[in-house]
Amino acid sequence: MSEPPRHSVSVTGVVFDNEGRVLAIKRADDGRWVPPGGILELHEDPMTGVVREVFEETGVKVKPQKLIGVYKNLPLGIVSLAIKCTVAPESKEPHQSDEAVEAAWISIEDARKRMPEARLIRVLDALRDDGPFIRCHDGTKLYQPQC
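Cut-off values and rules
Residue positions within a chain follow its written sequence, with the count starting from 1. Local features in a predicted model are, by the rule used here, given only for residues with pLDDT of at least 70; side-chain atom pairs are given and counted only at 80 or more, and totals for whole chains, interfaces and linings are based on all residues. Neither water nor hydrogens contribute to the side-chain values; these are computed over all heavy atoms in the structure. Only DSSP runs of H or I with at least four residues qualify as helices, and only runs of E with at least two residues qualify as strands; both kinds are numbered from the N terminus onward. Within these notes, the globule rule equals 2.2 Å times the number of residues to the 0.38 power, and the radius of gyration is based on C-alpha atoms. Under the scheme applied here, a residue whose accessible area is under 20% of the maximum for its type counts as buried, over 50% as exposed, and between as partly exposed, the area being computed with a 1.4 Å probe on protein chains only. In what follows, residue pairs with any heavy atoms lying within 4.5 Å of each other are defined as contacts. Surface exposure here means Shrake-Rupley accessible area, sampled with a 1.4 Å probe, where a residue is shielded only by the protein chains that are shown. We define a salt bridge as a contact between a side-chain nitrogen of Lys or Arg and a carboxyl oxygen of Asp or Glu at a distance within 4 Å. Every helix has an expected span of 1.5 Å times one less than the residues it contains. Here a polar contact means two N or O atoms within 3.5 Å. Within protein one must be a hydrogen donor candidate and the other an acceptor candidate, and residues neighboring in sequence count only if both atoms are side-chain atoms. Classification of ring pairs uses Phe, Tyr and Trp, with its six-membered ring standing for Trp, and accepts pairs whose centres are within 6.5 Å; under 30 degrees between planes counts as stacked, over 60 as edge-to-face, and the remaining range as tilted. Ring-over charges, as used throughout, are those where CZ of Arg or NZ of Lys falls within 6 Å of the ring centre and within 35 degrees of the ring normal. Nine residue types can take part in a nonpolar core, namely buried Ala, Val, Leu, Ile, Met, Phe, Trp, Tyr and Cys, and a core is a set of them joined through side-chain atoms within 4.5 Å. Criterion used throughout: strands pair if DSSP finds at least two bridges between them.

Student: Explanation requested: the overall build of the chain in the structure shown.
Tutor: Scanning the chain for helices and strands turns up 3 helices and 8 strands. On C-alpha atoms alone, the chain measures out to a radius of gyration of 15 Å, which is about the 15 Å that the 2.2 N^0.38 rule sets for 147 residues. By principal-axis analysis of the C-alpha atoms, the chain measures approximately 50 × 35 × 30 Å. Considering the chain as a whole, with its 147 residues, one finds that 46% of them fall into the buried category. For the chain, long-range pairs separated by at least 24 residues make up 63% of all intrachain contacts whose partners lie at least 6 apart in sequence. Accessible surface, the chain as shown: approximately 8,200 Å² in total, 53% of it carbon and sulfur.

See below:
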């Protein structure tokens, strides 16, 4: 009998400031602009994981609010839980890290220009009230129709 497939589970923090801008990083590994996030640790719950990942990548402290959706990179077998977050009152301005050569608050218009479709959709879904969503992609483009 063959071993069942393994999936990597990650979290994406979609964080908005009081001006409606979204927190984004320019990844050190591929130069893409994306919302911050990363792989959950083995015994970590998603809400704790998103707080840790956003802080590690940007220095911004957040409070998770709700699940936006589940996003699967089909070729790589990565499942990401996108979680809408608010900025914690004690937080500071975003800054670069080992994983982010740049971290900034950007407008939704800038996000549309800079982010690949598979990452931008998480930001756009966070602005909607009819989720959570289930979407599949190849790391860059969404698969149509939905998975």
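Student: Looking at this structure, how should I read the pattern of salt bridges?
Tutor: Think of it this way: side chains of opposite charge can pair up when their charged atoms draw near. In this structure the tally under the stated criterion is 12 salt bridges. One salt bridge connects D29 with R27, and the closest N-O pair in it is separated by 2.4 Å. The salt bridge involving R52 is made with E44; its shortest N-O contact spans 2.8 Å. Accessibility expressed as a relative area gives 15% for E44, which makes it buried. Taken together, the shared-partner salt bridges connect E41, E44, R52, E53 and E56 into one network.

Student: Please explain helix α1 (residues 46–58) as it appears in this structure.
Tutor: An α-helical turn contains 3.6 residues, so a residue and the one three or four places further along point in the same direction. Taking 1.5 Å of rise per residue, the 13 residues of α1 would be expected to cover 18 Å, and the 18 Å separating its terminal C-alpha atoms lies within 8% of that figure. If you check which residues of α1 are buried, you get G49, V50, R52, E53, V54, E57 and T58. The inward-facing, buried residues of α1 contact β1 (8–16), β2 (22–27), β4 (37–39), β5 (62–73), β6 (78–87) and β7 (100–106). Sitting at the head of α1, D45 places a side-chain oxygen 3.0 Å from the backbone nitrogen of M47. Of the residues one or two after α1, G59 is the one with positive phi, at around 80°.

Student: I'm lost on the packing of aromatic side chains in this one. Help?
Tutor: Geometry of an aromatic ring pair is reported as the spacing of the ring centres plus the angle between the planes. A full pass over the atoms with the stated rule returns 0 aromatic pairs. R114 extends its terminal NZ or CZ atom over the ring of W33, reaching a point 4.7 Å from the ring centre.

Student: Looking at this structure, I do not really get the nonpolar core. What am I missing?
Tutor: Generally speaking, soluble globular proteins have nonpolar side chains that are buried together. Core analysis: the biggest nonpolar cluster contains 20 residues, and V14, F16, V22, I106, M115 and V123 have the highest contact counts within it. Counting residues per element, this core draws most heavily on helix α3 (residues 117–126), at 5 residues. In this structure V14 touches V22, I68, I83, K84, C85, R122, V123 and A126, once residues within four positions along its chain are discounted. One finds V15, V60, I83 and W105 within the second-largest nonpolar core, a separate group that totals 11 residues.

Student: Please clarify how the pairing of β2 should be interpreted in this entry.
Tutor: For a regular strand, the rule is simple: side chains alternate between the two faces of the sheet. One ladder, built from 6 bridges, connects β2 with β7; its direction is antiparallel. Directly across from I25, in β7, lies its bridge partner A103. Bridge count for β2 against strand β3 (residues 33–34) is 2 bridges, and the pairing is antiparallel. For I25, the partnering residue across the bridge sits in β3 and is V34. The hairpin formed by β2 and β3 contains 5 residues between the paired strands, and G31 there has a positive phi angle of roughly 75°.

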